[in-house]
Amino acid sequence: MGLWRELKTNRQLYLLAVPGVMFLLVFAYLPMFGHVIAFKRFNINKGLWGSDWVGFSNFKFFFMGQDWIRVTLNTIFLNSLFIMFGLGIALILAIFLNEIKSILFKRTAQSLIFMPYFISWVVVGLMAMAILGTTDGLLNKMLSSFGAEPIKWFSTPNVWPAILTIVYVWKQSGYYSIIFLAAITSISSEYYESARIDGATRFQQVFHITLPLIRPTLFVLALLAVGRIFYGDFGMVYGIVGDNGVLFPTTDIIDTYSFRALRQMGNFGMSSAVVLYQSFMGLITIVLFNGLVKRIDRDSALF
């Protein structure tokens, strides 16, 4: 009776939530049944339920080799760089944008910063080739003009974590800066007026008012990002690096590894096992990080 009374009282709100709930059911919860493929020798002709059970054989195929350690560490390391620099620089950009007084310049800067977010990773890959190409690359041409030797960027694995981080920040920081800017603009102006009356500088206002009040937004974005720390950005890595085996030691991630297994061997079971492994580790990571956030600021935790 209590549930029925709640639904009747707030029926308009629940009706508004129906599209979102349906989206989650169709695209988030129903696909979970596909994880059963991880325990089967999947055969397209036999279908999902008719294929033979193989237990944990697909997991053995992935974990018995040494590649799973490399791709897992690469995924965690690259995502850690993306989270740290992506959110950090986005926060700085949002603070700078908020300090701009000219509305025209502020909106123009916002548009220019946000624009790279809409560029396809395929186009970004072509841009990277044009800039970092060994013979015709813009960067090597600039080095040659100063008498320096050209660098074979696509044959030097150690520099690619930095390159991918720069590309990620350039493309994604504008998106996150808009979220931070929305959180900053929601702060009451009375706080800043009181701080100015007390003689606080603009840096002190940012440090003692802006940062503490947008901390919940930062924690939520960090929690969502950490929850996918075992999921690499397949579009970015494959769009820029592709199948360049020379760069695999530092750029090969779980997603590209499982994609090659599916494409080259047609092994649906192993690819599904890898995805299930990613989901399980992501769940553990977000629970642990949420517990850490709860110790720092209970109101900023997701649950």
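A. A look at the overall build of the protein. Counting secondary structure elements, the protein contains 16 helices and two strands. When the backbone C-alpha atoms are referred to their principal axes, the protein occupies close to 80 × 75 × 35 Å. By the burial criterion, 36% of the 303 residues in the protein qualify as buried. Contacts in the protein between residues at least 24 apart in sequence constitute 64% of all its contacts with a sequence separation of at least 6. Across the protein, the 23 positively charged side chains and the 15 negatively charged ones have centroids separated by 7 Å.

B. Focus on the packing of helix H15 (residues 254-265) against helix H16 (residues 268-296). At a minimum axis distance of 8 Å, the contact between H15 and H16 shows a crossing angle of 165°. On the basis of their axis angle, the class for H15 and H16 is roughly antiparallel. Crossing angle aside, the handedness with which H15 passes H16 is left-handed. Contact residues: H15 offers Ile254, Asp255, Tyr257, Ser258, Ala261 and Leu262, while H16 offers Phe268, Met270, Ser271, Val274, Tyr277 and Gln278. In terms of residue class, the contact of H15 with H16 is made up of eight nonpolar, three polar and one charged.

C. Summary view of the pattern of salt bridges. Counted by the stated rule, this structure contains six salt bridges. Between aspartate 52 and lysine 46 there is a salt bridge, and its shortest N-O distance comes to 3.4 Å. A residue is classified by how much of its surface remains accessible, and lysine 46, at 46% relative accessible area, is partly exposed. Aspartate 243 is the partner of arginine 263 in a salt bridge, and the nearest nitrogen-oxygen pair spans 3.2 Å. Of this pair, arginine 263 sits in helix H15 while aspartate 243 is found in the loop between helix H13 (234-240) and helix H14 (248-251), placing the two residues 20 residues apart along the sequence.

D. How the structure looks around helix H7 (residues 121-132). For H7, with 12 residues, the first-to-last C-alpha span of 16 Å sits near the 16 Å given by 1.5 Å per residue. Considering only its buried residues, H7 is in contact with helix H8 (138-145), helix H9 (160-185) and H13. Here H7 starts with a cap whose side-chain oxygen sits 3.2 Å from the backbone nitrogen of valine 122, and that cap is serine 120.

E. Quick look at the nonpolar core. Judged by nonpolar contacts, the single largest core of 51 residues is most densely connected at Trp160, Phe180 and Ile240. Setting aside residues up to four positions removed in sequence, tryptophan 160 forms contacts with Leu132, Trp153, Phe154, Ile240, Val241, Leu247, Thr250 and Thr251. Among the nonpolar cores identified, the runner-up in size contains five residues, and Phe219, Leu223, Ile286 and Val293 belong to it.

F. Layout of the environment of serine 51. Its place among the elements puts serine 51 in strand S2 (residues 51-53). Serine 51 sits in the buried class, given a relative accessible area of 3%. Between the alpha carbons of serine 51 and phenylalanine 39 there is a distance of 9.7 Å; along the sequence they are 12 residues apart. A polar contact of 3.0 Å, which involves the side chain of serine 51, links it to the backbone nitrogen of asparagine 43.

G. Focus on the packing of aromatic side chains. Throughout the structure, instances matching the rule amount to 20 aromatic pairs. Ring centres 5.7 Å apart and planes at 80° place the aromatic pair tyrosine 117 and phenylalanine 118 in the edge-to-face group. Look at phenylalanine 118 and you get exposed, because its relative accessible area is 61%. Ring-pair connections join several aromatic residues into one group, and the members of that group are Phe114, Tyr117, Phe118, Tyr175 and Tyr176. Directly above the aromatic system of tryptophan 121 lies the positively charged group of lysine 171, at a separation of 4.7 Å from the ring centroid.

H. View of the side chain of threonine 251. Along the polypeptide, threonine 251 turns up in helix H14. Here threonine 251 is in contact with Asn74, Leu78, Trp160, Leu164, Val237 and Val241, once residues within four sequence places are set aside.

I. Local environment of helix H11 (residues 202-213). Across its 12 residues, H11 extends 15 Å between first and last C-alpha, which sits within 8% of the 16 Å expected from 1.5 Å per residue. Taken together, the buried positions of H11 are occupied by Gln205, Val206, Ile209 and Thr210. Taken end-on, H11 shows its buried residues confined to a sector of 120°, consistent with a single buried face. Looking at H11, the residues exposed on the side facing more than 90 degrees away from the buried face are Phe203 and His208.

J. Quick look at the environment of leucine 221. As for its placement among the helices and strands, leucine 221 is situated in helix H12 (residues 215-226). Taking the C-alpha atoms as reference points, leucine 221 and serine 177, separated by 44 residues in sequence, lie 11 Å from one another. Beyond its immediate sequence surroundings of up to four residues, leucine 221 is in contact with Leu87, Tyr176, Ile179 and Phe180.

Criteria and cut-off values
Residues numbered from 1 in each chain as written. Predicted model: local features only at pLDDT ≥ 70, side-chain atom pairs only at ≥ 80, totals over all residues. Heavy atoms only, no water. Helix = DSSP H or I, 4+ residues; strand = E, 2+ residues; numbered from the N terminus. Buried < 20%, exposed > 50% of the residue type's maximum accessible area, 1.4 Å probe, protein only. Contact = heavy atoms within 4.5 Å. Lys, Arg positive; Asp, Glu negative; His and termini not counted. Charge placed at Lys NZ, Arg CZ, Asp CG, Glu CD. Axes fitted to C-alpha atoms, helices over the stretch in contact; angles between N-to-C directions. Parallel < 35°, antiparallel > 145°, perpendicular 65-115°, else oblique. Left-handed = near helix turned anticlockwise from the far one by under 90°. Nonpolar A, V, L, I, M, F, W, Y, C, P; charged D, E, K, R; others polar. Salt bridge = Lys/Arg side-chain N within 4 Å of Asp/Glu carboxyl O. Expected span 1.5 Å × (residues − 1). Polar contact = N/O pair within 3.5 Å; in protein donor to acceptor, adjacent residues only side chain to side chain. Core = buried A, V, L, I, M, F, W, Y, C linked by side-chain atoms within 4.5 Å. Phe/Tyr/Trp six-rings, centres within 6.5 Å; stacked < 30°, edge-to-face > 60°. Lys NZ or Arg CZ within 6 Å of the ring centre and 35° of its normal. Arc of directions from axis to C-beta.

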